[in-house]
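Structural overview
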Amino acid sequence: MGTARGYFELTRLHKPFMGNTLMFWPCAWGLTMAARAVALPLPIFAAKLAVFAIGSFLLHCAVCVLNDICDVDFDRQVERTKDRPLPSGTVSLRGAWLLCATLLVPVLGLMTYGDQLSLILGAIGLFPLHALYPLMKRWTWWPQAWLGLAFNWGIPLGWASVTGHVPPLPIWVLFVGGVCWTIVYDTIYACQDREDDRRVGIKSTALLFGDYVREVLAAMVTALLFCLVYAGWELRQGAGYALLSCGGTLAHSAWQFATWDEADLKDHRAKFESNGLVGCVIWLGMLFDYLSVVPL
């Protein structure tokens, strides 16, 4: 049972649910905005949304396993991660590789249901974006930015899966906003490991921004809000988007920075997980506007 529990923990499924949805919401954003733009019938929309939900769920699990495989030597030296399944010896490296491959097989199968453009974009999402992320903390002070590229690639992919065309400029602007959003929540998360990361040589934006982390992250949130407003305006989104997607993000950001206690390590994790909720709220605004133009 200990080994089974170890494999389960490699996938992060034992963690709070909302933190595990952060890869899915950008997929839902791109898909829903495209569905509204072309008045996609509700049953087709629901089916595509289910495919993205399953695919992002499996891919997130696979990437978490891959990340632990690549970081096993680092994890042994960091207080928060030293008891994870691989550094503690609960699970073998071979077993972790087999689990990662097993999770990726159905992801590859789901990719074949799309058209050629979706397949190409999906392949870019797998490699280099997700595949190289675990190595970024060795190569650059901006691993959170690379994670943003990987986690938010679902925005253009979701759009392309509906329209069959390369996304227009507003979708790419929304993608940039999503990258900024990821830098915010993952930098907050990385702040809990700053001392250990500095000691063992792990690079992160939490260390790069130093004493100015709040100011830089506030600028990132401002950029996210600008991108949301621009994309919504250009794509003629409605009241749901304005109130929930934009207004909800503004309200959450104000609360997040007003209550974030950098001295409380548990609060870093709590703020990180709260971004799963704001991702959902952004999507609900888009969903409201989509349902307003599609017969139920």
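Residues numbered from 1 in each chain as written. Predicted model: local features only at pLDDT ≥ 70, side-chain atom pairs only at ≥ 80, totals over all residues. Heavy atoms only, no water.

What to know about the nonpolar core
W29, M33, F45, V65 and L217 are the most contacted members of the largest nonpolar core, which has 84 residues in total. In terms of residue count, the dominant contributor to this core is helix α10 (residues 169–190) (twelve residues). Beyond its immediate stretch of four places on either side in the chain, V65 contacts L10, T11, A96, L99, C100 and L103. (Core = buried A, V, L, I, M, F, W, Y, C linked by side-chain atoms within 4.5 Å. Buried < 20%, exposed > 50% of the residue type's maximum accessible area, 1.4 Å probe, protein only. Helix = DSSP H or I, 4+ residues; strand = E, 2+ residues; numbered from the N terminus. Contact = heavy atoms within 4.5 Å.)

Observations concerning helix α2 (residues 24–38)
In a regular helix each residue adds 1.5 Å, so 15 residues correspond to 21 Å; α2 covers 21 Å between its end C-alpha atoms and thus fits that length. In terms of residue burial, α2 counts as a mostly covered element, since 13 of its 15 residues are buried. Two residues or fewer past α2, A39 is found with a positive phi of approximately 50°. (Expected span 1.5 Å × (residues − 1).)

Some details on unusual backbone geometry
Here the bond from F127 into P128 is cis, since omega is 20°, no more than 30 degrees from zero. Structurally, P128 can be placed in helix α7 (residues 116–139). A positive phi is found at R12, a non-glycine position, where the angle reads about 70°. Here R12 is to be found in the loop between α1 (2–10) and α2.

Re the environment of L291
Mapping L291 onto the fold places it in helix α15 (residues 265–291). On a C-alpha basis, the gap between L291 and R194 in space is 44 Å, while along the polypeptide they are 97 residues apart.

Concerning the packing of helix α3 (residues 42–70) against α7
Where α3 meets α7, the closest approach of the two axes is 10 Å, and the angle between their N-to-C directions is 35°. Handedness of the α3/α7 crossing: right-handed. Residue-level contacts link L59, V63, L66, N67 and C70 of α3 to L126, H130, A131, Y133, P134, L135, K137 and R138 of α7. Partitioning the contact of α3 with α7 into residue classes produces nine nonpolar, two polar and two charged. (Axes fitted to C-alpha atoms, helices over the stretch in contact; angles between N-to-C directions. Left-handed = near helix turned anticlockwise from the far one by under 90°. Nonpolar A, V, L, I, M, F, W, Y, C, P; charged D, E, K, R; others polar.)

Notes on the environment of K203
Topologically, K203 is positioned in the loop between α11 (194–200) and α12 (205–209). The class for K203 is partly exposed, based on a relative accessible area of 24%. Considering only alpha carbons, one finds K203 and L243, 40 residues apart in sequence, at a separation of 37 Å. Beyond its immediate sequence surroundings of up to four residues, K203 is in contact with K137, R138, W139, T140, W141 and P143.

With respect to the packing of aromatic side chains
A complete count under the given rule lists twelve aromatic pairs for this structure. Ring geometry for W153 against W172: centres 5.9 Å apart, planes inclined by 50°, an arrangement best described as tilted. Pair noted here: W153 is in the loop between α8 (143–151) and α9 (154–163) and W172 is in helix α10, with a separation of 19 residues, a long-range link. Residue W153 is classed as buried on the basis of its relative accessible area, which comes to 12%. With a relative accessible area of 27%, W172 lands in the partly exposed category. Considering the side-chain rings of Y185 and F272, the 5.6 Å spacing of their centres and the 70° angle between planes classify their relative orientation as edge-to-face. Of the two residues, Y185 sits in helix α10 while F272 sits in helix α15, which places them 87 residues apart along the sequence. Among the residues examined, Y185 registers a relative accessible area of 1% and is labelled buried. Its guanidinium or amino end placed over the ring of Y133, K137 lies 5.2 Å from that ring's centre, counting from NZ or CZ. (Phe/Tyr/Trp six-rings, centres within 6.5 Å; stacked < 30°, edge-to-face > 60°. Lys NZ or Arg CZ within 6 Å of the ring centre and 35° of its normal.)

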